[in-house]
Amino acid sequence: MTKVIFEKNNGIDGINIADCPEGTNFIDEKFLRKTSLNLPQLSELEVMRHYKELSDKNFCIEKGFYPLGSCTMKYNPKVNEMLANLEGFTNLHPLRDDEDSQGALELLYNLQDVLKEITGMDAISLQPAAGAHGELAGMMIIKKYFETKCEKRTKVIIPDSAHGTNPSSAYMCGFECVEIKSDEKGQVDIDALKAVLDKDVAAIMMTNPNTLGLFEENILEISKIMHENGSLLYYDGANFNAIMGYTNPKLMGFDVVHINLHKTFSTPHGGGGPGAGPIGVVEKLKDFLPVPIIDYDGEKYYRNYDLKNSIGKVKSFYGNFGVLVRAYAYILMTGKNLKTVSEDAVLNANYLKEKLKGAYDLPYDYSCMHEFVLSGDRQKEQGASTLWIAKRLMDENTHPPTVYFPLIVHEALMIEPTETENKQRLDEFVEVMLKIAKEIEQNPEKALNSPKTTPVKKIDETLAARQPDLKWTKNSKQ
Ligand SMILES: *Cc1c(COP(=O)(O)O)cnc(C)c1O
């Protein structure tokens, strides 16, 4: 039996691998070290305390209000985690045959089915790993569709309120992006649309409700104009939380859709993923979807690779399976109440908007959907811009709203409470926001000194960008 790999160390040893049981030491004695490695040692309890302390520094939806506009930071039911962690799912190798994977395939098939119903689309692929990835896949489909029709269409129209991923996806796919202005009501300007429309236009990309939280009232006219031009409509489904059960992209005239399952259908995504951005298409584009899609022949579920015009694969296997399980669990559990989810999300947003619009500017003062956008212009004049309002909120155990987006609102504060917050929590947020507005009016310095309660305090953002200090230690300047 070989000993002395680690020396006993004042009772703070972690694992003592020197004391391996007889017969389990397979290395010849002559190759083993005779002296200590002198590795730092910590007991299991100390290690646990370290990681717990680190995790406590994180802000998450379970810790406080998280009104990050556009991101739909709703509560993620814990039952989703339990189900995604079932051994039958986690230990199932994706290369197993269809016969051995019937349960998982059935789940994927059913999820495709229910997403068809929710979006109104005729076929779904679950592969894309996020919203932006869905956009790219959707643009690839649109491109290939026109190629097979031997039509050369090179442009994609994008409203100026759009999320940045929209032009990025279109551009990455080789399209030229044509921006159109919103009108004074925050809606797509029909005249501006007509002015840029020609036979080179492949599609328009839209979010409805748009990123101002406003429903595009002229959507039917827009889809008519686009289709008459032979162009397609792409629906960015990031704001789906506002419309479930009330309407769907098919009824609005869209041809290709992505849905951010991690937003609307609950998966923790504050750390940036993994997510899932399934895409749906109308009948004439079915054949273009990425493969495989999951089909059922009346007896068994199977992976169908046989799509004539498929754009190919966009992700290994079927996408982020765990996120798909969570979304399916959420949809089954919520059932017909998906409609109530949207009702409550819209109600909560309008409640906050009405309570806050006196203290902050509200450039587009209309009934909103699941989110709304304030402007910090007034506060900026008083000495503390939106950036500092956001930082000041961190000292109130509140995640800041999305800031400086959409780009068409100065000093934007984009607020999305979601349906999972109750009135008491919304009232607390209102109180904090009103307090901060008053503080800035009287003493903007206070906001400029925030945050004080977070692990990292006030950051010199210019220095951080110019001289990034990637090895943070207790002595680092930032
Ligand atoms: C979140 C979002 C996207 C991008 O989705 P990801 O899942 O983050 O890639 C696109 N458009 C809008 C409006 C969004 O809010």
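Residues numbered from 1 in each chain as written. Predicted model: local features only at pLDDT ≥ 70, side-chain atom pairs only at ≥ 80, totals over all residues. Heavy atoms only, no water.

A. Quick look at the domain arrangement of the protein. Along its sequence, the protein is organised into domain 1 (2–57), domain 2 (78–336) and domain 3 (340–466). On a C-alpha basis, the centroid separation for the pair domain 1 and domain 2 is 50 Å. (Domains from an automatic or database assignment.)

B. Structural context of the site of the ligand. Near the ligand, the surroundings consist of Ser70, Ala130, Gly131, Ala132, Glu135, His163, Thr165, Asp236, Ala238, Asn260, His262 and Lys263. Gly131 is positioned such that a nitrogen or oxygen atom in its backbone is 2.8 Å from an oxygen atom of the ligand. In this structure, an oxygen atom belonging to the ligand sits 2.8 Å away from a main-chain N or O atom of Ala132. Contact with the protein chains removes 86% of the 380 Å² of surface that the ligand exposes when unbound. At the level of elements, α5 (131–148) and α10 (261–264) are the ones that each hand at least two residues to the shell around the ligand. Per-element accounting of the shell around the ligand gives the leading share, three residues, to α5. Its residues placed into classes, the shell around the ligand shows three nonpolar, six polar and three charged. (Near = heavy atom within 4 Å. Polar contact = N/O pair within 3.5 Å; in protein donor to acceptor, adjacent residues only side chain to side chain. Areas by Shrake-Rupley, 256 points an atom, 1.4 Å probe, with all protein chains shown as cover. Helix = DSSP H or I, 4+ residues; strand = E, 2+ residues; numbered from the N terminus. Nonpolar A, V, L, I, M, F, W, Y, C, P; charged D, E, K, R; others polar.)

C. Spatial organisation of the layout of surface pockets. Approximately 430 Å³ is the volume found for the largest pocket. What lines the largest pocket is a set of 18 residues, among which Lys57, Phe59, Met394, Thr454 and Pro455 lie closest to the centre. Where the lining of the largest pocket is concerned, the elements lending two or more residues are α1 (44–57) and α14 (386–394). Looking at side-chain class alone, the lining of the largest pocket contains seven nonpolar, six polar and five charged residues. (1 Å grid on protein atoms, 1.4 Å probe; cavity = no way out; pocket = protein on both sides within 12 Å on 5 of 7 lines; lining within 4 Å. Points joined across faces, edges and corners; volume = space filled by probe spheres on them.)

D. Molecular detail of the pairing of strand β4 (residues 201–206). Buried residues dominate β4, accounting for six of its six residues. With three bridges joining them, strand β2 (residues 155–159) and β4 adopt parallel strand pairing. Pairing of Lys155 across the sheet is with Val201, part of β4. Summarising the sheet, β4 and strand β5 (residues 232–237) pair through four bridges and their orientation is parallel. Looking at β5, one finds that Ile204 is bridged to Leu233. Crossover β4 to β5 through helix α8 (residues 219–228) is right-handed. (Buried < 20%, exposed > 50% of the residue type's maximum accessible area, 1.4 Å probe, protein only. Pairing = 2+ DSSP bridges. Right-handed = clockwise from strand over helix to strand, strands pointing away.)

E. Region of interest: the nonpolar core. Counting 84 residues, the largest nonpolar core has Ile142 and Phe265 as the members making the most contacts within it. Two domains each donate at least three residues to this core, and these are domain 2 (78–336) and domain 3 (340–466). With near-sequence residues (within four places) excluded, Ile142 lies in contact with Phe175, Ala202, Ala203, Leu232, Tyr234 and Val256. (Core = buried A, V, L, I, M, F, W, Y, C linked by side-chain atoms within 4.5 Å. Contact = heavy atoms within 4.5 Å.)

F. Molecular detail of the sheet that holds strand β12 (residues 412–415). Across the sheet, which stays open at both edges, the three strands sit in the order β10-β12-β11 with antiparallel pairing between neighbours. Looking along the sheet, the strands with just one partner apiece sit at the ends: β10 (372–375) and β11 (402–403).

G. Fine view of the sheet that holds strand β6 (residues 256–259). Reading across the sheet, the seven strands line up as β1-β7-β6-β5-β4-β2-β3 and stay open at both edges, with mixed pairing between neighbours. Taken across any chain shown, the strands that pair with only one partner, and hence form the sheet edges, are β1 (123–125) and β3 (176–180). Across the sheet, the mean angle from the axis of one strand to that of its neighbour is 20°, orientation sign disregarded. In this structure, β2 lies alongside β3, joined through five bridges in parallel fashion. Counterpart to Pro159 in the pairing with β3 is Ile180. Against the sheet, helix α4 (residues 102–119) makes contact with β1 and β6, and its axis sits at roughly 125° relative to β1, the strand it touches most. On top of the sheet, α5 reaches β2, β4, β5, β6 and β7 (279–281); it is set at about 170° to β5, its chief contact. (Axes fitted to C-alpha atoms, helices over the stretch in contact; angles between N-to-C directions.)

H. Summary view of the pattern of salt bridges. If you walk through the whole model with that rule in mind, you get 28 salt bridges. Of the charged contacts in the structure, one is a salt bridge between Arg49 and Glu46, with a shortest N-O distance of 3.3 Å. In this pair, Arg49 and Glu46 both sit in helix α1, three residues apart, roughly one turn of the helix. Judged by relative accessible area, Arg49 falls into the partly exposed class, the value being 46%. (Salt bridge = Lys/Arg side-chain N within 4 Å of Asp/Glu carboxyl O.)

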